[in-house]
Amino acid sequence: MTSDHAVDIDKHVRIYITVFVALLVLTVVTVAISRFHLPVHQAVTIALIVATIKGSLVACYFMHLISEKKLILAVLALTVVFFIALLALPVVTVHDGFWIH
Amino acid sequence: MEIPYTVELRRDTGLNNGKIGIWLFLASEVMLFGALFASYILIRTGAPVWPRGDTILNVPLATFNTLVLISSSVTMVMAWASLMRRRLGTFRIYMAATILLGFVFLVVKYFEYSHKFETGLFPSTNNFLALYFTLTGLHMLHVFGGMCVNAYFLGPGSKLWETNPEWFTNRVENAGLFWHFVDLVWIFLFPTLYLL
C-alpha cells in the first residue's frame with residue numbers, strides 16, 4: 001500500500017465520521033420537528049426534506065456515488081425517472097383522470 | 001472456469017461486473033419499495049381519516065433503531081476501509097459489529113411487533129397497520145438477508161482474502177452497498193410511518 005493510498009483512505013474515514021455525526025443530528029432534528037404537531041402538508045414537506053438530505057448523505061458518501069462512474073449514475077437517473085412516475089400515479093387517481101376531460 | 005471481470009475493469013463499462021450487477025439489483029429494489037410507497041400515498045390520500053403514527057407506534061424505540069441502523073452503516077463502510085488498508089483483523093471487528101447492530105435492530109422490531117399483537121393490533125386491523133407491517137416486514141427481511149451475506153464474508157467467505165484480496169474487497173464493498181440501501185430505505189420509512 002502506498003502512503004498516498006493510505007492518506008486517501010484516512011481522508012475517507014474522516015468524511016465517514018463527519019457524515020455519521022450529521023446523520024445522528026438530523027435524526028434528532030426529524031423527531032424534534034414532529035413534536036411541534038405542524039399541519040400535515042408542512043410536516044410531510046419538512047420530514048421529506050430532512051429524509052432526502054439524510055438519504056443523499058448515505059448515497060453520496062457511504063455508497064460512494066459522489067465519485068462513481070457515469071454509467072452507474074445514468075442507471076440511477078433512469079431509476080429516479082421511473083420512481084417519480086410510480087409515485088405520481090396516486091396523484092393522477094386523486095385528480096380523477098384529468099387527461100380524459 | 002474463472003469468473004471474468006471480478007477485479008479488472010471492463011473496457012465498455014469501466015467497472016467490474018460485481019459493481020454494475022449490485023447497482024442494477026438496487027435499481028430494481030428502488031422500484032419494489034417505490035411500489036409500496038405509491039400504495040401508501042394512494043391509500044392515505046384516499047382515506048377520510050388517517051392516524052398519526054406516533055399515536056399507535058413506539059417513536060422512542062424506532063428512533064433508537066434508526067440510530068442503530070445508521071451506526072451499522074458506519075461500521076460497514078469502516079469494514080471496507082479496513083480491507084483497503086489491508087487490515088483483515090480490523091475488518092473482522094467492524095463486520096462483526098455490523099452484524100450485531102443488525103441483530104439489535106431485529107430484536108427491537110420483535111418487541112415492537114409483539115407489543116402490537118398483544119394489544120390486538122394486526123395487519124388486518126386497519127389500512128395504516130396493514131401498510132406498517134408490510135413495509136417494515138419487507139424491510140426486516142432485507143436486514144436479515146444483509147446479515148446473512150455479511151456473516152458469510154465474516155466467516156467462510158473471508159478465505160478469499162488469502163488468494164485474491166482485491167476480489168474479496170470488491171465483494172465486501174458490494175455487500176456494503178446493499179446494507180447502505182437498507183439503511184436508506186429505513187431513513188424514509190421512519191418519518192413516513194412513525195412521525196407523520
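A look at a nonpolar patch on the surface
- A contiguous nonpolar patch, built from L100(B), F103(B), V107(B), Y110(B) and F111(B) and spanning about 540 Å² of accessible area, is present on the exposed surface.
- For F111(B), the location among the structural elements is in helix α3 (residues 88–118).

Re the packing of aromatic side chains
All names here are of chain B.
- As enumerated under the stated definition, the model contains 20 aromatic pairs over all chains in all.
- On the numbers, 6.0 Å between centres and 90 degrees between planes, the contact of Y40 with W50 is edge-to-face. Taken together, the residues span a long stretch of sequence, with Y40 in helix α1 (residues 17–46) and W50 in the loop between α1 and α2 (59–84) at a distance of 10 residues. Across the pair, W50 and Y40 agree in class, each one buried.
- With centroids separated by 5.8 Å and ring planes inclined at 75 degrees, the aromatic side chains of W50 and F128 adopt a geometry described as edge-to-face. Linking W50 in the loop between α1 and α2 with F128 in helix α4 (residues 127–154), this pair joins segments that are 78 residues apart in sequence.
- Its relative accessible area of 18% is what places W50 among the buried residues.
- The exposure class of F128 is buried, given its relative accessible area of 2%.
- Cluster of aromatic residues (ring-pair linked, three or more members): F105, Y113, F117, F122, Y132, F133, W186, F190 and Y194.
- Sitting over the face of the ring of Y5, R10 holds its NZ or CZ atom 5.3 Å from the ring centroid.

Examining the layout of surface pockets
- The calculated volume of the largest pocket comes to roughly 1400 Å³.
- Along the walls of the largest pocket sit 42 residues, with L48(A), F83(A), L87(A), F37(B) and F188(B) positioned nearest its centre.
- Elements with a contribution of two residues or more to the lining of the largest pocket: α2 (40–62) and α3 (70–94) of chain A together with α1 and α6 (165–195) of chain B.
- Broken down by class, the residue content of the lining of the largest pocket amounts to 32 nonpolar, 8 polar and 2 charged.
- Volume-wise, the second largest pocket comes out at about 500 Å³.
- What lines the second largest pocket is a set of 22 residues, and nearest its centre among them are K19(B), W80(B), M84(B), N170(B) and E173(B).
- Counting residues per element, the ones that place at least two in the lining of the second largest pocket are α1 (3–34) of chain A together with α2 and α6 of chain B.
- Of the residues that constitute the lining of the second largest pocket, the class distribution is 7 nonpolar, 8 polar and 7 charged.

Regarding the confidence of the model for chain B
- Taken over all residues, the pLDDT of chain B has a mean of 96, while the share at 70 or more is 100%.
- Across the assembled chains, the prediction reports ipTM 0.93 with pTM 0.94.

Rules and cut-offs
- Residues numbered from 1 in each chain as written.
- Chains lettered and ligands numbered in written order.
- Predicted model: local features only at pLDDT ≥ 70, side-chain atom pairs only at ≥ 80, totals over all residues.
- Heavy atoms only, no water.
- Patch = residues over 30% accessible without salt bridge, like charges linked within 9 Å, V, L, I, M, F, W, Y side chains within 5 Å.
- Areas by Shrake-Rupley, 256 points an atom, 1.4 Å probe, with all protein chains shown as cover.
- Salt bridge = Lys/Arg side-chain N within 4 Å of Asp/Glu carboxyl O.
- Helix = DSSP H or I, 4+ residues; strand = E, 2+ residues; numbered from the N terminus.
- Phe/Tyr/Trp six-rings, centres within 6.5 Å; stacked < 30°, edge-to-face > 60°.
- Buried < 20%, exposed > 50% of the residue type's maximum accessible area, 1.4 Å probe, protein only.
- Lys NZ or Arg CZ within 6 Å of the ring centre and 35° of its normal.
- 1 Å grid on protein atoms, 1.4 Å probe; cavity = no way out; pocket = protein on both sides within 12 Å on 5 of 7 lines; lining within 4 Å.
- Points joined across faces, edges and corners; volume = space filled by probe spheres on them.
- Nonpolar A, V, L, I, M, F, W, Y, C, P; charged D, E, K, R; others polar.
- pLDDT = per-residue confidence, 0-100.

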